[in-house]
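A structural walkthrough
Chain by chain, the residues:
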There are 2 protein chains.
Amino acid sequence: MAALRLAALAAHLQPSLTSSQSAANPHIHDLNPAYFLPRAAAIEPSAPAILHCDRSNTTISRTYSELAERARRVSVFLLRNYAPGTKIGILSSNTPMFLECLYGIAGSGLTQASFNYRLSAKEIRDVLEISGVTAVFVDIEFLPIVQQAAGELATPIELIVDLDSEDPKDLREFRAAGHLNLVFSEIISSLSTDTTPWDSLHYEDQPEDSLLALAFTSGTTGKPKAVEYTHRGMYLAAMANIIEAELNRSSSGCRYLWTLPMFHAGGWSFPYAVTAVRGLHICLRRIDYDLVWRYLNAGPGKSATHYNAAPTVNLQICEHPSAKRVPEPVMVTVAASPPSPALFKKMVSLNLLPVHTYGMTETYGPISRGYILSEWASESEEQQFKKMARQGHGFLTSRKLRVVKQKSEYSNNPDSLEDVARNGSEIGEVVFQGNICMKGYHNDEEATKKVWDGGWLHSGDLAVVHPDGAIEILDRGKDIIISGGENISSVAVENVLSAHPAILEVAVIGIPDEKFGEKPKAIIILRPEAKSTDPATLTRDLIAFARKHLGGFQVPKDYSFVEDLPKTSTGKIRKKELREA
Amino acid sequence: MAALRLAALAAHLQPSLTSSQSAANPHIHDLNPAYFLPRAAAIEPSAPAILHCDRSNTTISRTYSELAERARRVSVFLLRNYAPGTKIGILSSNTPMFLECLYGIAGSGLTQASFNYRLSAKEIRDVLEISGVTAVFVDIEFLPIVQQAAGELATPIELIVDLDSEDPKDLREFRAAGHLNLVFSEIISSLSTDTTPWDSLHYEDQPEDSLLALAFTSGTTGKPKAVEYTHRGMYLAAMANIIEAELNRSSSGCRYLWTLPMFHAGGWSFPYAVTAVRGLHICLRRIDYDLVWRYLNAGPGKSATHYNAAPTVNLQICEHPSAKRVPEPVMVTVAASPPSPALFKKMVSLNLLPVHTYGMTETYGPISRGYILSEWASESEEQQFKKMARQGHGFLTSRKLRVVKQKSEYSNNPDSLEDVARNGSEIGEVVFQGNICMKGYHNDEEATKKVWDGGWLHSGDLAVVHPDGAIEILDRGKDIIISGGENISSVAVENVLSAHPAILEVAVIGIPDEKFGEKPKAIIILRPEAKSTDPATLTRDLIAFARKHLGGFQVPKDYSFVEDLPKTSTGKIRKKELREA
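Numbering of residues begins from 1 in every chain and follows the order in which that chain's sequence is written. Each chain takes a letter, starting from A, and each ligand takes a number, starting from 1, following the order in which they are written. Residue-level local features of this predicted model are given only where pLDDT is at least 70; pairs of side-chain atoms are given and counted only at 80 or more, and the full residue set underlies all totals for whole chains, interfaces and linings. Each side-chain value is worked out from all heavy atoms of the structure, with water and hydrogens disregarded.

**So, the UniProt feature "domain: AMP-binding enzyme C-terminal" (unreviewed entry) in chain A**
In the numbering used here, UniProt assigns the "domain: AMP-binding enzyme C-terminal" (unreviewed entry) feature to residues 493–572 of chain A. Helix and strand labels come from DSSP, where a helix needs a run of H or I of at least four residues and a strand needs a run of E of at least two; each type is numbered from the N terminus. Secondary structure across residues 493–572 of chain A divides into 26% helix and 32% strand, with the first and last C-alpha atoms of the span separated by 17 Å. UniProt positions are given in the numbering used here, feature names are shortened, and annotations may be inferred rather than shown by experiment.

What follows is the structure, encoded as structure tokens:
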């Protein structure tokens, strides 16, 4: 039965994908990362593509042939119902529907916009408006909030609801509750006899500089902006991520665990990178650390081999009661905020090997890596982990990163960008250029011009360049603490305090100070065993500990002990919120 | 001392490579694989880049910083002495000079042409003329032949001689013999105080569709043609080869053994692919099987981890007296002619894991791969090795390959290309399109038009498409045997005979036959232990063996036993020569 079904599905894949080539330049084809899906299904239709536990607690397993076929039906549905140039939204946690729609929208030649499901109704209204979507594929969990948000829009939008459930009862209940929306699973089944061939879809004929997707800045510093991703950019970002995270390791295969939200910065290109190597996408509706460890410990040929996560998420993984050293190395792409050497040491001890990258939504996620060099072998372990925590060098498919002296004014003059000295102390702003940079902010020429000042994409992150050429981020521009005219990197202070045995997690912010303008304050989550310690004793102990590693003006004298820290959906600490509190 | 020297070298690398960006599109940079060298040297200057035993038997070890610095000097030399648009030749075995010049020529913005050192003086004259080179970097071993060839040219060309020796005596002898040519090592040392910065060279500002290199067809079917490689094409070929051959495996590192001639099809993009991951290039003046096994057995952290070779070369490696199973898997990219399942079985038993690819000079070497699928696990070992020997599917960075029904006439009509049935029996020609296809034949519009007939690059190779979509090459168009109106694949017959215990290597060709037009004949190199067998008995035995696996008309009745088979520099058997004999 399964074999017959496979053969039927494979029939749709049979025609060669031959639609698009320019007659003048048949030696060039446009780069399109969505092509990786029909290619994967053509090579190995039976390869496992998706593993997921849905809302009705059913295990969903899909092969590449099935994933491709479902994406094809999404493309056909969109082509029949929406005009060229339409933007289509996705508001969902990490479910099979998300992947099917990513590829389905690309195959229809339309542009995809993925939204953060943690936003408020007001913020969702903003991103719907900024992106100008005509329809949104929405997971049922987020239907109330998107309905609320959409109700306030001038132009109505179509909502296509995914129940993320194979249980027919759930659909009956949905209809009984009076919902008239389109339902994702019904669209898929309604096209079961459709035979539109792949080569009439748009997996190869999109101009490579055209829009593949819109992503949204996380909004730690104001209203979100819609970041434009091109086909070429996503393709070359995916190439770099395959190579750096070793998704192509044939010895263990690739079973990628979706701890990173797919909506975040295009899933750092991993929806495409994993598919390029015919890896398994293990979907997760939310980060459930018990489940993460079950996937990490699922045994040979089954356990997750790769995942991506911010330092705070990795910290939770490492500190979980089920944490134990995994038998085969798991490659972990770490980004989103600067990690501490202490975290890397812990991860390595569990055989969770960090691929330490740095980037931002505007760079498809990762654009640099802290490369681990064999010449460090003779240095102390402490020194090695410290070097691993640097942001390093531009990716293979990026241009070189620069750290330039900050200017107070917008100038649009490339000559005004002067590199800082390679001395590990002069501070400048990280700027990027080239293929894994966004095209611009959608419908916001002003902001685009400003962020591309002088032809380089400005990160807003402050860094130094070490004598060996590696860059190290000190802080977001707005998080650096200026005390008595001296810069204090909140990250550097956090890295020192993280190594203290009482501390689970720490954020350092600047607070007003009469004498010095600002002074550092540490907000700390204690480890369970340290919670009974007297705060005054602990504070004295922490100050003494910090003094061993930091200059006097950098040592926080103010401490507060909390149960939780406010974070973005990717696990960046919202320092703005802490400062305001 | 070494550290000081490194620091001095690194100083040249300090300026950021910031020359080229288009102000209008700062989110796009031109793809240039030569950029991988300054990038590697900037990230890890002390990483070993080259290991070589030179002509004076001295071991040469160069770091990435040293390799980059020498390439930079080559660029500076060329920029000072040759006009833009000049072509620069390389005629050398696999030496450090070859790599330094590949990158040096690219950095000067000129175009590189690498020649086959096995050609006759007459043939070298042809390729010098076709490529229109102004100067040639030549290894001293090939100086006499290139002098003879160059003497017959209308325009004189400059020869820059590499002695491939660190022994000063060799230079004195060279001068004493009356040679007035420029010497490579003297050019390098003459620029020891030059400080031309990297960002004034052309590692990033070449339009990506411009010419990086010329390579030459191997000429098994006539006069060689100059194949045009672009920067974009070589970059995307390198990406695919990194991913397929797992050059990025961090667990064992990448120590790439240069068994493949660097001149052949741009070294299949490996000069760039290996450098992209900061791998070690282990150079070899020629394939010395003792030395190959010494490198394969050099121990942890030292032994070669990857090499590329044609089936015939792999056969020699597997049959060598030193052959024994290597402890860590070595990834072997195999191409150049269809391999036999028997060879793959032998290689796997030695832990030499084949990455079975297929391509031609016109496709930067590999453009397809015979992917190994996990669904084969339940099949017999014999069946699995048979499937591994198929040419499979287009590379990640290629478009899909097609197998189209052959036409007798040139038509330039894409609609005239009709795909063969996916039934494993209908025979057609393999055609390619897209980024890893050559731009054209240099200065040969007629041949370019013909090979790109209908907008697809015609391989001249005959193949079938199996029901699972994998392609399998049966023969070069000219090697297929037509007997009584039936096609006989010489490769299929060879694959069967290769499994016979008496046979080391076999070539099957068509010979004239009164009744059937043609009939198959097998030309065989016996294993040493079979050489004493009576030929008549052996022939009877081979016929009986072949009958078990082949239809009667496919079974050769004619056998000849030889000591050697004529081969091209990459190990393709010259069947034309066999047929003429």
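**Comments concerning the confidence of the model for chain A**
Confidence in the prediction for chain A averages 91 pLDDT; 95% of positions are at 70 or higher. For this predicted complex, the interface score ipTM comes out at 0.91, alongside a pTM of 0.91. The score called pLDDT rates the predictor's confidence residue by residue, from a low of 0 to a high of 100.

**Re the domain arrangement of chain A**
All names here are of chain A. A domain assignment, automatic or from a database, supplies the domain bounds used here. Per the domain assignment, the segments of chain A are domain 1 (29–334), domain 2 (401–478) and domain 3 (480–580). Centre-to-centre, using C-alpha coordinates, domain 1 lies 31 Å away from domain 2. Contact definition: two residues touch when any of their heavy atoms are within 4.5 Å. Contact with domain 1, which involves 17 residues of that partner, is made by twelve residues of domain 2. Throughout, buried area stands for the accessible area (probe radius 1.4 Å) lost by two parts on being put together, summed over both. Buried area between domain 1 and domain 2, summed over both chains or domains, comes out near 1200 Å², and the portion from carbon and sulfur atoms is 59%. The rule for a salt bridge is simple: a side-chain nitrogen of Lys or Arg has to be within 4 Å of a carboxyl oxygen of Asp or Glu. Taken together, domain 1 and domain 2 are joined by one salt bridge. Of the charged contacts, one joins Asp 209 and Lys 439 as a salt bridge, the two residues approaching to 3.2 Å between their closest N and O atoms. Polar contact is the term for a pair of N or O atoms within 3.5 Å; when the atoms are in protein, one must be able to donate a hydrogen and the other to accept it, and sequence-neighboring residues count only if both atoms are side-chain atoms. Taken together, the links from domain 1 to domain 2 amount to six residue pairs in polar contact (both at pLDDT 80 or more).

**What about the sheet that holds strand β15 (residues 365–369) of chain A?**
All names here are of chain A. If you trace the nine strands from one edge of the open sheet to the other, you get β2-β1-β11-β10-β12-β13-β14-β15-β16, paired in mixed fashion. Only two strands of the sheet have a single neighbouring strand rather than two, namely β2 (59–63) and β16 (393–394). By the bridge criterion, five bridges tie strand β13 (residues 330–334) to strand β14 (residues 352–360) in an arrangement that is parallel. Its bridge partner being in β14, Met 331 is matched across the sheet by Leu 353. Inter-axis angles, ranging from 0 to 180 degrees, are taken between N-to-C directions of lines fitted to C-alpha atoms, where helices are fitted over the stretch in contact. Sitting on the sheet, helix α4 (residues 96–107) is in contact with β1 (48–53), β2 and β11 (280–282), with an inclination near 140° to β1. Sitting on the sheet, helix α12 (residues 311–319) touches β12 (306–309), β13 and β14, and the angle it makes with β12 is about 125°. A pair of strands is considered paired only if DSSP assigns at least 2 bridges between the two.

**Brief notes about the relation of the copies chain A and chain B**
Copy-to-copy superposition: least squares on the C-alpha atoms, limited to residues that have pLDDT of at least 70 in both copies. Mapping chain A onto chain B leaves a residual RMSD of 0.0 Å; the transformation is a rotation of 180° accompanied by 0.0 Å of translation along its axis. Here the symmetry operator amounts to a two-fold rotation axis. A share of 100% of the interface residues of chain A reappears at the interface of chain B, consistent with the copies meeting face to face through the same patch.

**Topic: the pattern of salt bridges**
Residues and elements named next belong to chain A. Per the counting criterion, the structure on display carries 72 salt bridges over all chains. Two residues, Arg 285 and Asp 164, come together in a salt bridge whose shortest N-O distance is 2.5 Å. Of this pair, Arg 285 sits in the loop between β11 and α11 (289–296) while Asp 164 is found in the loop between β6 (158–162) and α7 (168–176), placing the two residues 121 residues apart along the sequence. You'll find Arg 285 and Asp 164 in the same group, each marked buried. Notably, a salt bridge pairs Asp 479 with Arg 579, separated by 2.9 Å at the nearest N-O pair. Using a 1.4 Å probe on the protein chains alone, a residue whose accessible area is under 20% of its type maximum counts as buried, one over 50% counts as exposed, and one in between counts as partly exposed.

**What to know about the sheet that holds strand β24 (residues 517–526) of chain B**
Hydrogen bonding along the main chain pairs the strands of a sheet, whether they run parallel or antiparallel. All names here are of chain B. Strand order in the open sheet formed by three strands is β23-β24-β25, and the pairing between neighbours is mixed. Taken across any chain shown, the strands that pair with only one partner, and hence form the sheet edges, are β23 (503–513) and β25 (558–562). Each strand axis lies, on average, 25° off the axis of its neighbour in the sheet, ignoring direction. By the bridge criterion, ten bridges tie β23 to β24 in an arrangement that is antiparallel.

**Quick notes on the environment of His264(A)**
All names here are of chain A. For His 264, the location among the structural elements is in the loop between β10 (255–257) and α10 (270–276). For the pair formed by His 264 and Ile 140, sequence separation is 124 residues and the distance between their alpha carbons is 19 Å. When near neighbours in sequence (up to four residues on either side) are disregarded, His 264 contacts Thr 361 and Thr 570. Separated by 3.1 Å, the side chains of His 264 and Trp 268 make a polar contact.

**Details of the nonpolar core**
If you look at the biggest cluster of nonpolar residues, it comprises 315 residues, and the most contacted ones within it are Leu128(A), Phe137(A), Leu352(A), Leu128(B), Phe137(B) and Leu352(B). In contact with Phe137(A), not counting residues within four places along its chain, are Val74(A), Phe77(A), Leu78(A), Ile88(A), Gly89(A), Ile90(A), Leu91(A), Met97(A), Cys101(A), Ile105(A), Ile160(A) and Phe184(A). Only buried residues count toward a nonpolar core. Its members are Ala, Val, Leu, Ile, Met, Phe, Trp, Tyr and Cys residues joined through side-chain atoms within 4.5 Å.

**Notes on the side chain of Thr397(A)**
Structurally, the position occupied by Thr397(A) is in the loop between β16 and β17 (402–404). Classification of Thr397(A) as buried rests on a relative accessible area of 0%. When neighbours within four sequence positions are excluded, Thr397(A) is seen to be in contact with Leu236(A), Ala237(A), Met239(A), Ala240(A), Asn435(A), Ile436(A), His29(B), Tyr235(B) and Met239(B).

**Regarding the packing of aromatic side chains**
Two rings from Phe, Tyr or Trp (for Trp, the six-membered ring) form a pair when their centres sit within 6.5 Å of each other. Planes less than 30 degrees apart are called stacked, planes more than 60 degrees apart edge-to-face, and all others tilted. With the rule as written, the count across this model stands at 24 aromatic pairs over all chains. Ring geometry for Phe115(B) against Phe216(B): centres 5.4 Å apart, planes inclined by 45°, an arrangement best described as tilted. With Phe115(B) in the loop between β4 (111–114) and α5 (121–131) and Phe216(B) in strand β8 (residues 211–216), the pair connects residues that are 101 residues apart, well separated along the chain. For the pair formed by Phe115(B) and Phe216(B), the shared burial category is buried. When the ring of Tyr117(B) is compared with that of Phe142(B), the centres are 5.0 Å apart and the planes differ by 20°; the resulting orientation is stacked. A residue pair is termed long-range when its members are at least 10 positions apart, and Tyr117(B) in the loop between β4 and α5 and Phe142(B) in the loop between β5 (133–139) and α6 (143–151) qualify at 25 residues. Relative accessible area serves as the criterion here: at 8%, Phe142(B) is assigned to the buried category. Taken together, Tyr117(A), Phe142(A) and Phe263(A) form an aromatic cluster joined through their ring pairs. Charges are assigned to positions over rings by a cutoff of 6 Å between ring centre and Lys NZ or Arg CZ, combined with an angular limit of 35 degrees from the ring normal. The positively charged end of Lys225(B) is found above the aromatic ring belonging to Tyr441(B), 5.2 Å away from the centroid.

**Quick look at helix α13 (residues 341–349) of chain B**
All names here are of chain B. Within α13, the full set of buried residues consists of Pro 341, Leu 343, Phe 344 and Met 347. The buried residues of α13 occupy an angular sector of 155° when projected down its axis, which confines them to one face. Packed against the buried residues of α13 are α12 (311–319), β13 (330–334), β14 (352–360), α14 (381–388) and α16 (490–498). Asn 351, located one to two residues past α13, shows a positive phi value of around 65°. Here, the arc refers to the directions that run from the helix axis to the C-beta atoms.

**Comments concerning the interface of chain A and chain B**
The accessible area lost on association of the parts is a frequent measure of interface size. At the interface, 64 residues of chain A touch 64 residues of chain B. For the pair chain A and chain B, the two sides together bury roughly 5400 Å², of which 52% comes from carbon and sulfur. When the buried area of chain A at its contact with chain B is split by residue, His27(A), Leu396(A) and Arg399(A) rank highest and sum to 14% of it. Arg399(B) is paired through a salt bridge with Glu204(A); the nearest N and O atoms lie 3.0 Å apart. At the boundary of chain A and chain B, one finds 29 residue pairs in polar contact (both at pLDDT 80 or more). Broken down by secondary-structure element, the contributors of at least two residues to the side of chain A that touches chain B are α2 (36–43), α9 (231–245) and β16 of chain A. With seven residues, α9(A) is the largest single contributor of residues to the side of chain A that touches chain B.

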